[in-house]
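Listed below, chain by chain, are the residues.
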Amino acid sequence: ADALVTAHFSRYIALGAKRIETSTNNATLLATAFRGDDSTITLVVFNDGTNRKVTIEWQDHYFIVELPKSSLTTLVWKTQP
């Protein structure tokens, strides 16, 4: 399982990306995010619970994402430099 998680992070997070602050209000969700040199944001969320919809907030923008139970989900978007 550890190798799968490492491979997942390696696939989506660019070399040199900087970790940025994240928070969650749900004990069954773990999240971490990175900003790449090209202003790409990569958010990785581990859902250790049941299927759920979550609201992601990024700089006054909100979007809803469905997370399958016991899943590792990666979201990537581009921001202004």
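This is a predicted model, so every value here is computed, not measured.

## Some remarks on the nonpolar core
Counting residues in hydrophobic clusters, the biggest one holds 13 residues, and the most contacted among them are Leu43, Val54, Ile56, Val65, Leu67, Leu75 and Trp77. Taken together, the elements giving at least two residues each to this core come down to strand 2 (29-35), strand 3 (40-47), strand 4 (52-58), strand 5 (61-67) and strand 6 (71-78). If near-sequence neighbours (up to four positions away) are discounted, Leu43 is found in contact with Thr22, Ala31, Thr32, Ala33, Ile56, Thr73, Thr74, Leu75 and Trp77.

## Section: a nonpolar patch on the surface
Together, Val5, Leu30, Phe46 and Leu72 line one region of the surface with nonpolar side chains, adding up to about 310 Å² of accessible area. Judged by its relative accessible area of 55%, Leu30 falls in the exposed class.

## Overview of the environment of Thr24
Secondary-structure assignment places Thr24 in the loop between strand 1 (18-20) and strand 2. For Thr24, a relative accessible area of 41% corresponds to the partly exposed category. For the pair Thr24 and Val44, spaced 20 residues apart in sequence, the C-alpha to C-alpha distance is 12 Å. Side-chain polar atoms of Thr24 contact the backbone nitrogen of Asn26, separated by 3.3 Å.

## So, the side chain of Thr79
The topology assignment puts Thr79 in the segment after strand 6. Classification of Thr79 by relative accessible area gives buried; the value is 13%. At 3.3 Å, the side chain of Thr79 and the side chain of Arg35 are in polar contact. Leave out the neighbours within four places in its chain, and Thr79 touches Arg35, Ser39, Ile41 and Trp58.

## Comments concerning the confidence of the model for the protein
Averaged over every residue, the pLDDT of the protein is 90; the share at 70 or more is 99%. Within the protein, the element-level pLDDT minimum falls on helix 1 (residues 2-12), averaging 80, and the maximum on strand 1, averaging 96.

## A few points about the environment of Ile64
One can find Ile64 in strand 5. In this structure Ile64 comes out as exposed when scored by relative accessible area, which is 61%. Put simply, Ile64 and Lys53 are 11 residues apart on the chain and 6.5 Å apart in space, counted from C-alpha to C-alpha. Among residues more than four places away in sequence, those in contact with Ile64 are Lys53, Val54 and Thr55.

## Here we look at the pattern of salt bridges
Applying the stated criterion across every chain, the model contains 1 salt bridge. Here Asp38 ties to Lys78 by a salt bridge, and the two come within 3.7 Å at their closest N and O atoms. With Asp38 in the loop between strand 2 and strand 3 and Lys78 in strand 6, this residue pair connects regions lying 40 residues apart in the sequence.

Basis of the calculations
- Per chain, residues are indexed from 1 in the order of the written sequence.
- In keeping with the model being predicted, local features are shown solely for residues with a pLDDT of at least 70 and side-chain atom pairs are shown and tallied solely at 80 or more, while totals for entire chains, interfaces and linings include all residues.
- Computation of side-chain values covers all heavy atoms of the structure but excludes hydrogens and water.
- For the purposes of this section, nonpolar cores are sets of buried Ala, Val, Leu, Ile, Met, Phe, Trp, Tyr and Cys residues that join through side-chain atoms within 4.5 Å.
- Only protein chains enter the area calculation, which uses a 1.4 Å probe; residues under 20% of their type maximum are buried, those over 50% are exposed, and those in between are partly exposed.
- Where helices and strands are cited, they refer to DSSP runs of H or I of at least four residues and of E of at least two residues respectively, numbered from the N terminus.
- Should any heavy atoms of two residues lie within 4.5 Å, those residues are counted as being in contact.
- To count toward a patch, a residue needs a relative accessible area over 30% and no salt bridge; like charges are then connected within 9 Å, while nonpolar side chains (Val, Leu, Ile, Met, Phe, Trp, Tyr) are connected within 5 Å.
- Only the protein chains shown count as cover for residues, with accessible areas throughout obtained via the Shrake-Rupley method and a probe of 1.4 Å.
- Take a side-chain nitrogen of Lys or Arg and a carboxyl oxygen of Asp or Glu: if they are within 4 Å of each other, that pair is a salt bridge.
- Here a polar contact is recorded for every N or O atom pair within 3.5 Å, except that within protein the pair must consist of a potential hydrogen donor and a potential acceptor, and residues adjacent in sequence are included only if both atoms are side-chain atoms.
- A residue's pLDDT is the predictor's confidence in that residue, given on a scale from 0 to 100.

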